Amino acid sequence: MGSEPGTIVIVEDDENIADLVGLYLGREGYRVVKARDGESGLAAIETERPRLVVLDIGLPGAIDGLEVCRRLRKSTSVPVMMLTARDDEIDRVLGFEMGADDYVVKPFSPRELTVRIRAILRRGTELHLGEAEILRIGDIEVDNGRREVRLLGKVVPMTAREYDLLAYLAQNRGLALSRRQLLDGVWGTGWYGDERTVDVHIGQLRKKLGAALQLGTVWGIGYRLD
Ligand code: CA
């Protein structure tokens, strides 16, 4: 992961919104690739290997934004910023199976969207800068170059946040980390969620990695990876 801003894929059928978001991201130095439905969106993401995907939920055709996100999560931990038209979609967007990293509700300010995109990408960069390319913890490999987790050589689908959490634990192996430390280190100090968020994500990691993840609960403190 270099210092160049890189590519962002925007999947949005509303041309005005796509253009506006593209304009703002372009000004930030990102290369923007647009797609107007789920199928071409998935194809663009596959070809471009973007640093982030801006994904509208309501898309024409057979595959809506939620389905695009679900499919992406089978093979990649690329960060996903959801665009949603309705408040009541948010619970589904943030559902961990869906694996979106953040969302904005329309109408949104493109400025705020760019700020939040920058925050997501900065988190990734800070976390991995100067680290070894591949961290090994028993049967688990955390590949910082590909942002990929492998169990016995097989890729385990992760959301971006789950990936960051595991990478952070791996980098601080053997240390008891409090939920607050994990929130600050992985979600960033500006994160407004509560500490149970950490437990939910730890639960997902345990579910995905099973007994291979030697993760201890340190009572009264938090977690430690052995
Ligand atoms: Ca739409």
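Residues numbered from 1 in each chain as written. Predicted model: local features only at pLDDT ≥ 70, side-chain atom pairs only at ≥ 80, totals over all residues. Heavy atoms only, no water.

## As for the nonpolar core
V142 and L169 are the most contacted members of the largest nonpolar core, which has 27 residues in total. Elements with a contribution of two residues or more to this core: β6 (134-137), β7 (140-143), α6 (160-171), α7 (179-187), α8 (196-209) and β12 (222-225). In terms of residue count, the dominant contributor to this core is α6 (seven residues). Setting aside chain neighbours within four positions, we find L169 in contact with L177, L182, I202, L205, L215 and L225. Within the second largest apolar cluster, 20 residues are counted, among which are L55, I57, L66 and L72. (Core = buried A, V, L, I, M, F, W, Y, C linked by side-chain atoms within 4.5 Å. Buried < 20%, exposed > 50% of the residue type's maximum accessible area, 1.4 Å probe, protein only. Helix = DSSP H or I, 4+ residues; strand = E, 2+ residues; numbered from the N terminus. Contact = heavy atoms within 4.5 Å.)

## Points about the coordination of the calcium ion
Note on the calcium ion: its protein donors are D13 (OD), D56 (OD) and G58 (O). The metal-donor distances range over 2.1 to 2.4 Å. Read in sequence order, the donor residues coordinating the calcium ion give the pattern D-x42-D-x1-G. With a gap of 45 residues between them, D13 in the loop between β1 (7-11) and α1 (15-27) and G58 in the loop between β3 (52-56) and α3 (65-72) connect regions that are remote in the sequence. In this structure D13 comes out as partly exposed when scored by relative accessible area, which is 28%. (Donors = N, O, S within 2.8 Å, 3.2 Å for Na, K, Ca; no water.)

## Quick notes on the sheet that holds β6
Here four strands make up an open sheet; going across it, the order is β6-β7-β8-β9 and the pairing antiparallel. With partners counted over all chains shown, the strands left at the sheet margins are β6 and β9 (154-156), one partner each. With direction set aside, neighbouring strand axes in the sheet form an average angle of 30 degrees. In this sheet, β9 lies alongside strand β8 (residues 148-151) in antiparallel orientation, the contact comprising three bridges. (Pairing = 2+ DSSP bridges. Axes fitted to C-alpha atoms, helices over the stretch in contact; angles between N-to-C directions.)

## Some details on the sheet that holds strand β2 (residues 31-35)
Taken together, five strands build an open sheet; the order of strands is β2-β1-β3-β4-β5 and the sheet is parallel. In the strand order of this sheet, the two ends are held by β2 and β5 (102-105), each with one partner. With strand direction ignored, the average angle separating the axes of adjacent strands in the sheet is 20 degrees. In this structure, β3 lies alongside strand β4 (residues 80-84), joined through four bridges in parallel fashion. Paired with L55 across the bridge in β4 is M82.

## Here we look at α7
Because each turn of an α-helix spans 3.6 residues, side chains separated by three or four positions end up pointing in the same direction. Buried within α7 are the following residues: L182, L183, V186 and W187. Buried residues along α7 cover an arc of 100 degrees about the axis, so they all sit on one side. At the exit of α7 stands G188, carrying a positive phi of roughly 95 degrees. (Arc of directions from axis to C-beta.)

## Digging into the pairing of β12
One ladder, built from two bridges, connects strand β10 (residues 177-178) with β12; its direction is antiparallel. In the strand pairing of β12, L177 is matched with Y223. In this structure, the hairpin formed by strand β11 (residues 215-218) and β12 is closed by a connection of three residues, where G220 is found at a positive phi of approximately 80 degrees.

## With respect to the packing of helix α2 (residues 38-48) against α3
For the pair α2 and α3, the least separation of the axes is 10 Å and the interaxial angle reads 30 degrees. By the angle between their axes, α2 is roughly parallel relative to α3. Crossing geometry of α2 relative to α3 is assigned as right-handed. Residues G38, L42 and I45 of α2 lie in contact with α3, whose contacting residues are V68, R71 and L72. For the contact of α2 with α3, the per-class residue count stands at four nonpolar, one polar and one charged. (Parallel < 35°, antiparallel > 145°, perpendicular 65-115°, else oblique. Left-handed = near helix turned anticlockwise from the far one by under 90°. Nonpolar A, V, L, I, M, F, W, Y, C, P; charged D, E, K, R; others polar.)

What is shown is where atoms sit, not what they do.
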